[in-house]
Amino acid sequence: MFGPSESSVVVQCASSGACTVLHAIFTSGFVFFVLLTGFAYTTLLERRFLAALQSRVGPNRAGPFGMFQPVADGIKLIFKEDVTPSLAKKAVFWLSPVIKVVPAIIVVAVIPFGPDVAIPWFDGKWYRVSQSVVDVNIGVLWLLAITSVGIYGIVLAGWSSNNKYAMLGGLRSSAQMISYELSMGLVFVVPVMLASSMSVGEIIEAQNKTPVLGWFVFQNPLAATILLVALLAEVNRAPFDMPEAEQELTAGYHSEYSGMKFALFFMAEYIGMVAVSMISVALYFGGYHFLWVDQAPLLGPVFYGAKVFILLLVMVWVRGTLPRIRYDRLMLLGWKVMLPLALVAVVWSAVGVVLLDEIGQDFYAGMSVAGIVLFVLGSFIWLSRAGRKPDISGTEPRVEVVSLSGNSGLATTTLRAVDRVIRAPAEVAERIAARETPGED
Amino acid sequence: MDITAESVVFLILSALTLGSGLLVVTSRNLFHAALYLMLSLFGVAGLFALLTAPFLAFVQVTVYIGAIAILIIFAIMLTPQVTRTNARNTQWVGAVVVAVVFFAVMVSVLTPLMDDLGADDWSADFSEEDPDDVPGTSLADLGEQLVDPDYYMLPFEVASVLLMAALIGAALMVSPAIADDPETETGDDESGG
């Protein structure tokens, strides 16, 4: 295996000044490159996958499978005319796309993409470096702080455009993001409690005590669900894309933006998608841990990328499936459903941590499984007995999760299989419920 | 005084904080004032980071920039007088007096100035040689001290009661059954939004 031999000298990177600087430059450049490429190809992924969901073809002309489409789009946007409205507040108008993009990029700085690796250098020593830009000991707080700064980009864009539609879009988004930030902050607490550390690296390592089953999503699926929903609202993705609801607000906060400044907002949205997928994977889905990562640290980024890719697919899928939520319903969901549920999730984990100390691993694992079953059955019963349709029906079992036309492509087959897996527990519960109902009557 | 990289950053951040702080109170446009306030708070967060207090720096960003300043901006955007640029504060003399007094108290407590002037038990006696006086060095310490009766338990509980009162007050104000006159109690769905 590739690694330092017994006789070689291994130096911690943090103890060497030159190594720290080189590491910072290289990892920053790497993260920047990954996010910008990720942005370009997330747009393509969204268009192709959405097309597959809607029985269309999608962009497939530029290069094989449309691989060069993002390049073509980028060139087109650079050469477009950049219009600034004459009555706009110029300085703020120019700054707000930047304020939107920068937090989306720097938020991933605290997330490690793999375990520490030893790298040989020209002076004959091996250097042990971490695969994150920086692993601060309060990384979770960094995530919370930086995501909250991104709101300014939208609010200021809406205000400085001197346009009623844009301003309404900005207003809506600030209200929405503040509401959902509460639930998000609460469920950020859950991994912190379980790992008893605020460092993202240590949270990921704490999830590897038991392979796969140790991921915090299995300890607290409720919190993971709330985090995914809140993060969708935080990056203004469908079904929470109220700030730019076309039918009501033309294009919302970026109505007056064109050319490369519009592209920056576009970029912020897609980089935001990638970034929040990375955050969810790090906090609840085991980070880079899977299969053989412990033996081969360089596999870490590969598995990390795969998990992020799956979450991105889910986000596009949600956009293809769910209609936009009405604005008052959106606030209702945020304050009256998500916030109490987030509190329940925090209490769940707090009790879990105490129980683990008191009664030991095995019994606690059994309790955890029982809790998860209760959670799934409870949400099933709640959703099927509710008199009205729920606001988000992502977990509603009676709906066919994917509905496709009869063609038999690879995408169709995959989606059918996923559909079966998602509906299986609900169908079992339904059968049990059907067997029990006659006895009650 | 030696000019190190740290002192340069400190000067830049101080200038940012104080300059935009000054603009907050002199700017005639309410919205601009709110933006300068955000910039000033950001400078304070930078100063915290420079003092190797990353926890305080991030909390500053989360609470003040991410929540309070955005709420202020939210309130201003909902006010019709957003673009009014001739806003005048008739109480600026009182504000200046209070600011000067506050500054004087801070300086006298944080520096050994009052000891030199002969007043005992006034200065907090922080010194460069003995930085351990400052409580709450790590996050875990801070958390424990927050619920420790010897440290911050009382202020913590008082703040909780204050927030609770504010919450109940807000709920009462928007509650249609109580806000309306008891005799004209009408349907409560119309005024909700």
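The rules behind each value
Along each chain, the written sequence defines residue order, and numbers are assigned to residues from 1. A letter from A marks each chain and a number from 1 marks each ligand, given out in the order of writing. Residues qualify for local features only when their pLDDT is at least 70, as the model is predicted, and side-chain atom pairs are given and counted only at 80 or more; totals for whole chains, interfaces and linings, by contrast, use all residues. Only hydrogens and water are set aside; all other atoms, that is, all heavy atoms of the structure, feed into the side-chain values. Where helices and strands are cited, they refer to DSSP runs of H or I of at least four residues and of E of at least two residues respectively, numbered from the N terminus. Here's how the labels work: a residue is buried when its accessible area is under 20% of the maximum for its type, exposed when over 50%, partly exposed in between, all with a 1.4 Å probe on protein chains only. Every residue pair with non-hydrogen atoms within 4.5 Å of one another is taken to be in contact. Here the open area of atoms and residues is found with the Shrake-Rupley method and a 1.4 Å probe, where only the protein chains shown may cover a residue. Only one rule defines a salt bridge in this text: a Lys or Arg side-chain nitrogen within 4 Å of an Asp or Glu carboxyl oxygen. In protein, a polar contact means a hydrogen-donor-capable atom and an acceptor-capable atom, both N or O and within 3.5 Å, with residues adjacent in sequence counting only if both atoms are side-chain atoms; elsewhere, any N or O pair within 3.5 Å suffices. Each pair of strands is called paired provided DSSP finds at least two bridges between the two strands. Every axis corresponds to a line fitted to the C-alpha atoms, with the helix fit spanning only the stretch in contact, and the corresponding angles, defined between N-to-C directions, vary from 0 to 180 degrees. Joining through side-chain atoms within 4.5 Å is the link that ties buried Ala, Val, Leu, Ile, Met, Phe, Trp, Tyr and Cys residues into a set, and such a set is a nonpolar core. An expected span of 1.5 Å times one less than the residue number is assigned to each helix. Like charges within 9 Å and nonpolar side chains (Val, Leu, Ile, Met, Phe, Trp, Tyr) within 5 Å are joined into patches, using only residues over 30% in relative accessible area that form no salt bridge.

### Some remarks on the overall build of chain B
Helix and strand counts for chain B come out as eight helices and zero strands. Reading chain B from its N terminus to its C terminus gives the helix and strand order α-α-α-α-α-α-α-α. Expressed as a percentage of the 193 residues in chain B, the buried residues total 18%. In chain B, the share of contacts with a sequence separation of at least 24, taken over all contacts with a separation of at least 6, comes to 38%. For chain B, the accessible surface area stands at approximately 14,000 Å², while carbon and sulfur atoms represent 69% of it.

### Comments concerning the pattern of salt bridges
Residue and element names in this part refer to chain A. A complete count under the given rule lists three salt bridges over all chains for this structure. Close ionic contact of aspartate 73 with arginine 47 constitutes a salt bridge, the shortest N to O distance being 3.2 Å. A residue pair is termed long-range when its members are at least 10 positions apart, and aspartate 73 in helix H2 (residues 69-78) and arginine 47 in helix H1 (residues 17-53) qualify at 26 residues. One salt bridge in this structure joins lysine 261 and aspartate 82, with 3.2 Å as the shortest N-O distance. With lysine 261 in helix H10 (residues 259-284) and aspartate 82 in the loop between H2 and helix H3 (90-106), the pair connects residues that are 179 residues apart, well separated along the chain. Residue classification places lysine 261 among the buried residues on the basis of a relative accessible area of 6%.

### Details of the environment of asparagine 220 of chain A
All names here are of chain A. As for its position among the elements, asparagine 220 is in the loop between helix H7 (216-219) and helix H8 (221-234). Along the chain, asparagine 220 and phenylalanine 375 lie 155 residues apart, while their C-alpha atoms are 9.6 Å from each other. Once you skip the residues sitting within four places of it in the chain, asparagine 220 turns out to touch Val190, Tyr284, Ala345, Trp348 and Ser349. Within the structure, asparagine 220 has its side chain in polar contact with the backbone oxygen of alanine 345 (distance 2.9 Å). In this structure the side chain of asparagine 220 is engaged in a polar contact, spanning 2.7 Å, whose partner is the side chain of serine 349.

### Points about the sheet that holds strand E3 (residues 126-129) of chain A
Residues and elements named next belong to chain A. Read across the sheet, three strands follow the order E1-E3-E2 without closing on themselves; strand pairing throughout is mixed. Here the strands that pair on one side only, and so sit at the sheet edges, are strand E1 (10-12) and strand E2 (117-120). Averaged over all adjacent pairs, the angle separating strand axes in this sheet is 35 degrees, with direction ignored. Inspection of the sheet shows E2 paired to E3 by four bridges, in the antiparallel sense. Along E3, the bridge assignment pairs valine 117 with valine 129.

### A look at the nonpolar core
All names here are of chain A. Leu143, Phe188, Phe240, Met278, Tyr284 and Tyr304 are the most contacted members of the largest nonpolar core, which totals 120 residues. Excluding anything up to four places from it in sequence, tyrosine 304 contacts Ile111, Pro112, Phe113, Met278, Val281, Ala282, Gly287 and Tyr288. Counting residues in hydrophobic clusters, the runner-up holds six residues, among them Val11, Cys13, Cys19 and Val117.

### Some details on helix H11 (residues 300-321) of chain A
Over its 22 residues, H11 of chain A runs 32 Å from end to end, which matches the ideal 32 Å to within 8%, given 1.5 Å per residue. For H11 of chain A, the set of buried residues is Gly300, Phe303, Tyr304, Lys307, Val308, Leu311, Leu312, Met315, Val316, Trp317 and Val318 of chain A.

### Brief notes about a nonpolar patch on the surface
Residue and element names in this part refer to chain A. Together, Tyr41, Phe65, Met67, Phe68, Val71, Ile75, Ile78, Phe79 and Met260 make up a nonpolar patch on the protein surface, roughly 970 Å² of accessible area in all. In terms of residue count, the dominant contributor to the nonpolar patch is H2 (three residues). Among the structural elements, tyrosine 41 can be located in helix H1. Relative accessible area serves as the criterion here: at 31%, tyrosine 41 is assigned to the partly exposed category.

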